[in-house]
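If you want the building blocks of each chain, they are given just below.
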Amino acid sequence: MTRINKNNKCRQIRTWLYKTMSARFAPDADWVQNHIANCQRCRRRMASIGKVNLALSIIKSQPHKLDLLMRANTKAIGVLKRSLREVPKAQRLKTVQPEPKLLERWSRYKHAATNAAACIAIVFLMKTGVFSSMHKFQAEGQKAIRQYYTAQVGQDLADEIFSA
Amino acid sequence: MAGKAVSYGLIWDFAIAQSIDESQRWVLSAMQRYGQQLVTMLWRVLGNEQDVCDAYQDTFLRLAHYEGRRRPEHIKAYVFRTATNTATSMLRHRSAESRVIGRHFAKEARSGNPVSSPANELDSKYLQETLRCCIAQLPEHLRSVITLRDLAELSYAQIGAMLGISAATARVYRCKALQLLAVWMSKGKEKGK
């Protein structure tokens, strides 16, 4: 238990440290931006790193032809042993097309699922909240009326009325 | 007697060959599992469909002939590292070829278009090729990390497991690789001027 608490505390401290450090020393920090604006050397450095990032993004954004996987598989299977080449799986691989990942495929339903989950959560909270409050009100009201009757007509009569 | 021995030998050889073939189906499974990711990575590294097919073929051929046709312990790591190395050697070969051609046409280049110009700076093809050449020149440990992280889009944890380093080390290597690439790319620009 103590170990878990300690770990949680460590994690919290790490998170705070990271947040503080990144707020103070991240490239977006004001003093860094001010320095870069006035320092030619840093400006050059930032520009060259930006250029590398730009080139990487361009490379990543270039699509290849849809049949590239099929062709690559066909070529690779072509140099394997004949017994492997004739396996049905190999035949399937020769005609396979790139498919989006499961997460990407379901990402279009992400918003709808989030909305539905939010609605369910709201309904659940409302139901539990409303019903528990109603029970509370009922109990409190009964208690108040019993007290009133006890004060007005006496304990015995009040007990008789409310026990019935 | 001798004929019987020969026939038994043939049957034995056939049985071994069959068992190897059966056991080598994992090559096809690996192709099915990692093929798409591998093709994407090779395409980003090489940028040429023919080269992608060659590198892909070479990778799986090596996998099929790995240490007496045995299955490597970490297939994913083996496949990705082999593909990265093959693609890098192809890139180096390509850049060496272009240097030879460049020397051949040096006179024309001097009189005509400069290697690096503001127009070229914005030219995406120029940027891509420069970056590819620079990546090929990186030390192996930095190159592997930047290729697997930025071009194969694997997580740091996966890269660490593949290369036998921690995720934090992989992060540091990527940072160093980016710095080196930035320096080299800006130097290339200055040389061009």
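Model, not experiment: these values are computed from the prediction.

S.K.: Before we go on, may I ask you to explain the overall build of chain B in this structure?
M.R.: Assigned secondary structure in chain B consists of 10 helices and zero strands. Counting from the amino terminus, helix and strand elements in chain B follow one another as α-α-α-α-α-α-α-α-α-α. Here chain B, with 193 residues, has 41% of them falling under the buried criterion. Counted over contacts in chain B with a minimum sequence separation of 6, partners at least 24 positions apart contribute 68%. Looking at chain B as shown, the accessible area adds up to about 10800 Å², and 56% of this sits on carbon and sulfur atoms.

S.K.: Hey, could you run me through the packing of aromatic side chains in this one?
M.R.: By convention here, two paired aromatic rings are described through the distance between centres and the angle between planes. Following the criterion strictly, the structure yields five aromatic pairs over all chains and no others. Both rings, one in Phe25(A) and one in Trp31(A), keep their centres 6.1 Å apart while their planes meet at 90°; by these two values the pair is edge-to-face. With 6.4 Å between their ring centres and 70° between their planes, Tyr34(B) and Phe80(B) make a pair best called edge-to-face. Of the two residues, Tyr34(B) sits in helix H2 (residues 25-46) while Phe80(B) sits in helix H4 (residues 75-104), which places them 46 residues apart along the sequence. The exposure class assigned to Tyr34(B) is buried, which follows from its relative accessible area of 11%. Positioned above the aromatic ring of Tyr156(B) is the side chain of Arg149(B), whose terminal nitrogen or guanidinium carbon lies 4.5 Å from the ring centre.

S.K.: I'm lost on the layout of surface pockets in this one. Help?
M.R.: Any space left empty among the atoms is revealed by the rolling of a water-sized probe across them. As a volume, the second largest pocket reaches approximately 790 Å³. What lines the second largest pocket is a set of 33 residues, and nearest its centre among them are Glu99(A), Lys101(A), Gln36(B), Gln37(B) and Thr40(B). Elements with a contribution of two residues or more to the lining of the second largest pocket: helix H3 (40-61), helix H4 (68-78), helix H6 (88-93) and helix H7 (102-106) of chain A together with H2 of chain B. Of all the elements, H2(B) adds the most residues to the lining of the second largest pocket, at 10 residues. When grouped by side-chain class, the residues that make up the lining of the second largest pocket number 13 nonpolar, 10 polar and 10 charged.

S.K.: I would appreciate a short explanation of empty space enclosed by the protein in the present structure.
M.R.: Evaluation of the coordinates by the stated rule reveals two cavities of 30 Å³ or more. Taken as a whole, the largest cavity holds about 70 Å³ of empty space. Lining the largest cavity are Ile59(A), Arg44(B), Val45(B), Thr84(B), Thr88(B), Leu91(B), Arg132(B), Ile135(B), Ala136(B), Arg143(B), Thr147(B) and Leu151(B). Taken together, the residues of the lining of the largest cavity break down into six nonpolar, three polar and three charged.

S.K.: Can you walk me through the confidence of the model for chain B in this structure?
M.R.: Reading fine detail from the predicted coordinates is not recommended where pLDDT is low. All names here are of chain B. Here chain B averages 80 in pLDDT, while 74% of its residues score no lower than 70. Taking the mean pLDDT of every element in chain B, the minimum, 50, falls on helix H5 (residues 106-111) and the maximum, 94, on helix H8 (residues 140-151). With a pTM of 0.68, the predicted complex shows an ipTM of 0.75.

S.K.: Got a minute to help me understand the pattern of salt bridges in this structure?
M.R.: Pairing between side chains of opposite charge can happen when their charged atoms approach one another. Residues and elements named next belong to chain B. Tallied over the full model, the rule gives 12 salt bridges over all chains. The partner of glutamate 153 in a salt bridge is arginine 44, and the shortest N-O contact between them spans 3.1 Å. Linking glutamate 153 in the loop between H8 and helix H9 (156-163) with arginine 44 in helix H2, this pair joins segments that are 109 residues apart in sequence. We note a salt bridge from arginine 62 to aspartate 58, for which the minimum N-O separation is 3.3 Å.

S.K.: Which parts of the structure should I look at to understand the interface of chain A and chain B?
M.R.: By a widespread convention, an interface's size corresponds to the accessible area lost as its parts come together. In this complex, chain A contributes 34 residues to the contact, which on the side of chain B involves 40 residues. Note on chain A versus chain B: buried area summed over both sides is about 3700 Å², and carbon and sulfur give 69% of it. Interface area lost by chain A to chain B is led by Lys51(A), Ile59(A) and Lys75(A), which between them contribute 17%. At the surface where chain A touches chain B, the tally comes to two salt bridges. Between Lys75(A) and Asp54(B) there is a salt bridge whose closest N-O contact spans 2.2 Å. Applying the counting criterion to the chain A and chain B interface returns seven residue pairs in polar contact (both at pLDDT 80 or more). Contributions of two or more residues to the side of chain A that touches chain B are made by H3, H4, helix H5 (82-85) and H6 of chain A. Partitioning the side of chain A that touches chain B into residue classes produces 20 nonpolar, six polar and eight charged.

Criteria and cut-off values
- Residues numbered from 1 in each chain as written.
- Chains lettered and ligands numbered in written order.
- Predicted model: local features only at pLDDT ≥ 70, side-chain atom pairs only at ≥ 80, totals over all residues.
- Heavy atoms only, no water.
- Helix = DSSP H or I, 4+ residues; strand = E, 2+ residues; numbered from the N terminus.
- Buried < 20%, exposed > 50% of the residue type's maximum accessible area, 1.4 Å probe, protein only.
- Contact = heavy atoms within 4.5 Å.
- Areas by Shrake-Rupley, 256 points an atom, 1.4 Å probe, with all protein chains shown as cover.
- Phe/Tyr/Trp six-rings, centres within 6.5 Å; stacked < 30°, edge-to-face > 60°.
- Lys NZ or Arg CZ within 6 Å of the ring centre and 35° of its normal.
- 1 Å grid on protein atoms, 1.4 Å probe; cavity = no way out; pocket = protein on both sides within 12 Å on 5 of 7 lines; lining within 4 Å.
- Points joined across faces, edges and corners; volume = space filled by probe spheres on them.
- Nonpolar A, V, L, I, M, F, W, Y, C, P; charged D, E, K, R; others polar.
- pLDDT = per-residue confidence, 0-100.
- Salt bridge = Lys/Arg side-chain N within 4 Å of Asp/Glu carboxyl O.
- Buried area = accessible area lost by both parts, 1.4 Å probe.
- Polar contact = N/O pair within 3.5 Å; in protein donor to acceptor, adjacent residues only side chain to side chain.

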